[in-house]
Every structure is written in C-alpha cells, then in structure tokens.
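# Summary of structural features
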Amino acid sequence: KCPIPQDVGHQTRSEKFRPDAVSEDDRKTLEIIKSMPRDEPWWEIGMDEYRRREQAGELLYKPRLLTERAKVLMIPSREPGRMINCRVFHPALTANRGKTRVLLNIHGGGWTVFSNKFQDPYLAHVADVCNHITLSVGYRLGPEFPFPAGPEDCFDVVVADPNLTAEWLIVNSVSQLGAPFEFIDGSVGRQCSNVPTTDMYLYKSSGGHFAALTALHLRKSYPSFHLRGLVLKYGIFDLTYTNPSIVNATDPIIVTRDALKHTTEALVPRTSLQERQSPSISPFYADLRSLTPLPPALFVCGTEDILIDDSVFFAAKWMMVISESAFKVLPGALHGFVDFEGMPFMKEGWDTITKFLVNLSVCEDATE
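Structure report, in brief. Please read these numbers as outputs of a predicted model, since none were measured by experiment. (Residues numbered from 1 in each chain as written. Predicted model: local features only at pLDDT ≥ 70, side-chain atom pairs only at ≥ 80, totals over all residues. Heavy atoms only, no water.)

## Some thoughts on the side chain of His-132
- Its place among the elements puts His-132 in strand S4 (residues 132–137).
- The contacts of His-132, once residues within four sequence positions are left out, are Phe-89, Pro-91, Arg-101, Leu-103, Val-126, Ala-127, Phe-183, Leu-357 and Ser-361. (Helix = DSSP H or I, 4+ residues; strand = E, 2+ residues; numbered from the N terminus. Contact = heavy atoms within 4.5 Å.)

Right, dumping it as structure tokens:
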C-alpha cells in the first residue's frame, strides 16, 4: 500500500468541473489558442504529403529536440530482423538519490503522426526530477500500419511471446540500462516551445490509449511481473466515442469529432462499434478485476478536453479495483496541456506527474 498525496489529486470535487472554476486569464488563453494558425490535417492533404512536409520541416510545428542528451536504443521486435527505435534519457544527476528506475513512455499523435522525438524536454525533466531512465518507443503509425501494429510494438518493448526475442525491458532492463523497468507513461506527442506560435491541431491521446493496452497486456501475458505505477494523461479508452463529453461537444478545441473519425479509421479501419468494444481495442471494456493486482495509476485531464469523460469513467473503474490511484482534474486545461510549454497548466501537470512517480519510488524504497 502506498498512499497518494492529496495534492496529486486524490479526490475529484464537483466544483472543479463548474464553468466558474476556469479563471478569466485562462479563458483568454483559450480564445488565443482558438485563433492560432493550424497545419492542414493529413486526411485533407493526404498522408504522403503530410509526411513529406514533416520531413522537410514545412509544418508550422517543429519539436524542440535535446539531441545532445538523447540516446538511441534499438530493441528487437517479434518480426525477425525488424528493430524498434527507442529514445532514452538518463538522469542528469544520480548521486545519493536512491534507486534508479526505468519508465516507458508512449507518445501520442492520433496513432498516425509524431514520433518518439517529440517530447524531449518532458522526458528529460522526468528523468532528472524522478531519477528515472525514460525510454520512449517509436511504434509504427497508421494508416500505413493499422492495428495491431502500433500496440504490438509497445508490447514487444516490454514483453511478447516468450518463444520470441522481444520480451526486452522485463528481461534486459537491469543488464542493459542499469535499472529495473517499473513505470509506464502514456502521452500526447508534441513538446511546444512557444504556445502563441505553434500549430495547435491534431493533438490526441493515443499514447494514453496504448499505455493502458500495454499495462493490461502485461497483466495477461506476464502475470508474475508487476508495474510500480502507470500514468495516463488525457487518454482515449473507449473507441466507440459514445461518452457524453464527445457526443455533446459544441466547440471543441484541439481534438474534434472529425479528427477522431479520421484517425480512428486509420487505426482500426472498417470496424463496427461493436468490434471496437473489444478490450484489445478499447481498454474501458476490460474486466479489470480479473487482472488484479493492477498498478497504482494517475489519470490526468483538463475540463476543456473533449475526452474528459474517458478519464472520468476509466479512472472510476480503475479505482474500484485499486484505491492507491489518483485522478487530477485541471479546470480550464485543454487536451495535451502537459506538452504546452509556456502555459500555466504545463507546470502543474509536470509537478503532479513527478510527485506521483517520486512518491511511489520513495514508498518502495522504504519497504525494501
């Protein structure tokens, strides 16, 4: 048992969801974001053209890379000869800071865009503050590689068929990285250097979705292994999109119903709503109690996110099974706010996540 600090988000109060909980300054920020320039979405210009523009540096958004700190690690996939590109950050300082651990990060981008190069500042920050080695997996993207290609790459980085070579982190984390694998973090895919000038289109929480699928896959395929903790930021957990916050959205920012339609079709093409209720696609429908013990989880979401109900409902289900979990709600925060450098929500999001991770690590150290 490891109690969650109250300031991490142990309780979700109704006043956090009221319109008057959003400050006037934050409302002004929302209006600025609405008026910002946007790249054309890939479903309008075609994915080939989008990828060409991205490769050529022609998109409005350009990631802030920390190339001098990042290391590349190639991990074998379940397919002979194909390797999975992973981006690794080691803590800047490790002396007298206790045990180092490995955190697997899964980037977002609507299952179709971005890469594991798009979150360097966040990954470096978590590495330094939490004394974690952060490893971000470069999974295959749709529509070129639809389901189950993306999640299978995430599974292979941690554990796959024991007859294959891909159970990498669980078997090799200590020998190859010098620390045990204990945490999974699911993210949105961009790290913005300046909010007023960045492209604000197509943020989407596929990282949280794949992180949940990976954690549940571990419980089913490798039950002797136990994650220390799980961070799920503004995730998509029900791909039927029948939750009220989506159905009733009138003026969504960042993620729209149109974006959900096209990106989901790229992930699971030509599937019915009933087929999308499979727990292998929508973790919300998993029988969580049959997969106990689940790891403590931190759910993070803003009230201005069209996907808020996904976090509300899935967090409630998770906490029915394990009470050592938390849900942090930020009034006025948009989808992807942890990745908006310069926005006030970003710092609060980073602080919440690092407190959660450090608390679990300290709690474990005290019991060893």
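## Quick notes on the packing of aromatic side chains
- Within the structure shown, the criterion is met by 15 aromatic pairs.
- Ring plane angle 70 degrees and centroid distance 6.3 Å describe the contact between Phe-299 and Trp-318, whose orientation is recorded as edge-to-face. Placement of Phe-299 in strand S7 (residues 297–302) and of Trp-318 in helix H12 (residues 308–321) is noted, with a sequence separation of 19 residues between them. In terms of burial, Phe-299 and Trp-318 fall into one category: buried.
- Three or more aromatic residues joined by ring pairs form one cluster here, namely Phe-237, Phe-284, Tyr-285, Phe-299, Phe-314 and Trp-318.
- Positioned above the aromatic ring of Phe-284 is the side chain of Lys-317, whose terminal nitrogen or guanidinium carbon lies 4.9 Å from the ring centre. (Phe/Tyr/Trp six-rings, centres within 6.5 Å; stacked < 30°, edge-to-face > 60°. Buried < 20%, exposed > 50% of the residue type's maximum accessible area, 1.4 Å probe, protein only. Lys NZ or Arg CZ within 6 Å of the ring centre and 35° of its normal.)

## Details of the pairing of S4
- Most of S4 sits inside the fold, with six of its six residues counted as buried.
- Every second residue of S4 is oriented toward a common face, with His-132, Thr-134 and Ser-136 on one face and Ile-133, Leu-135 and Val-137 on the other, all of them buried.
- By the bridge criterion, six bridges tie strand S3 (residues 101–106) to S4 in an arrangement that is parallel. By the bridge assignment for S4, Asn-105 is matched with Ser-136.
- A crossover connection joins S3 to the parallel S4 through helix H5 (residues 120–130); in handedness this β-α-β unit is right-handed. (Pairing = 2+ DSSP bridges. Right-handed = clockwise from strand over helix to strand, strands pointing away.)

## Remarks on the sheet that holds S3
- With mixed pairing, the eight strands of this open sheet are ordered in space as S1-S2-S4-S3-S5-S6-S7-S8. In the strand order of this sheet, the two ends are held by strand S1 (71–76) and strand S8 (326–330), each with one partner. Within this sheet the neighbouring strands show an average axis-to-axis angle of 20 degrees, counted without direction.
- H5 rests against strand S2 (83–89), S3, S4, strand S5 (181–186) and strand S6 (229–233) of the sheet, and its axis sits at about 155 degrees to S4. (Axes fitted to C-alpha atoms, helices over the stretch in contact; angles between N-to-C directions.)

## Quick word on unusual backbone geometry
- Following Gly-142, the chain continues to Pro-143 via a peptide bond in cis, the omega torsion being 0 degrees.
- As for its placement among the helices and strands, Pro-143 is situated in the loop between S4 and helix H6 (149–158).
- In the segment running from Phe-147 into Pro-148, the intervening peptide bond is cis, with an omega of 10 degrees.
- The topology assignment puts Pro-148 in the loop between S4 and H6.
- Here the phi dihedral of Trp-111 falls at roughly 60 degrees; this positive angle occurs in a residue that is not glycine.
- Within the element layout of this structure, Trp-111 appears in the loop between S3 and H5.
- Taking relative accessible area as the criterion, Trp-111 reaches 2% and is therefore assigned buried.
- Here Tyr-241, not a glycine, exhibits a phi torsion of approximately 55 degrees, which is positive.
- Counting through the fold element by element, Tyr-241 comes out in the loop between S6 and helix H9 (244–247).

## Remarks on the environment of Leu-104
- Checked against the element boundaries, Leu-104 lands in strand S3.
- Remark: the alpha-carbon pair of Leu-104 and Leu-123, spanning 19 residues in sequence, is separated by 10.0 Å.
- Apart from the residues within four sequence positions on either side, Leu-104 is in contact with Leu-135, Val-137, Val-157, Val-158, Leu-169, Phe-181, Phe-183, Ile-184 and Asp-185.

## A short note on a nonpolar patch on the surface
- A surface patch of nonpolar side chains, about 270 Å² in accessible area, is lined by Val-72, Met-74 and Met-83.
- Residue placement: Val-72 occurs in strand S1. (Patch = residues over 30% accessible without salt bridge, like charges linked within 9 Å, V, L, I, M, F, W, Y side chains within 5 Å. Areas by Shrake-Rupley, 256 points an atom, 1.4 Å probe, with all protein chains shown as cover. Salt bridge = Lys/Arg side-chain N within 4 Å of Asp/Glu carboxyl O.)

## Focus on the packing of H6 against helix H7 (residues 168–177)
- Across the interface, H6 lies against H7 with an axial gap of 5 Å and an inter-helix angle of 45 degrees. Considering the angle they form, H6 stands oblique to H7. Two secondary-structure elements touch here, H6 through Asp-156, Val-157 and Val-158 and H7 through Trp-168, Leu-169 and Ile-170.
- Residue composition of the contact of H6 with H7, by class: five nonpolar, no polar and one charged. (Parallel < 35°, antiparallel > 145°, perpendicular 65-115°, else oblique. Nonpolar A, V, L, I, M, F, W, Y, C, P; charged D, E, K, R; others polar.)

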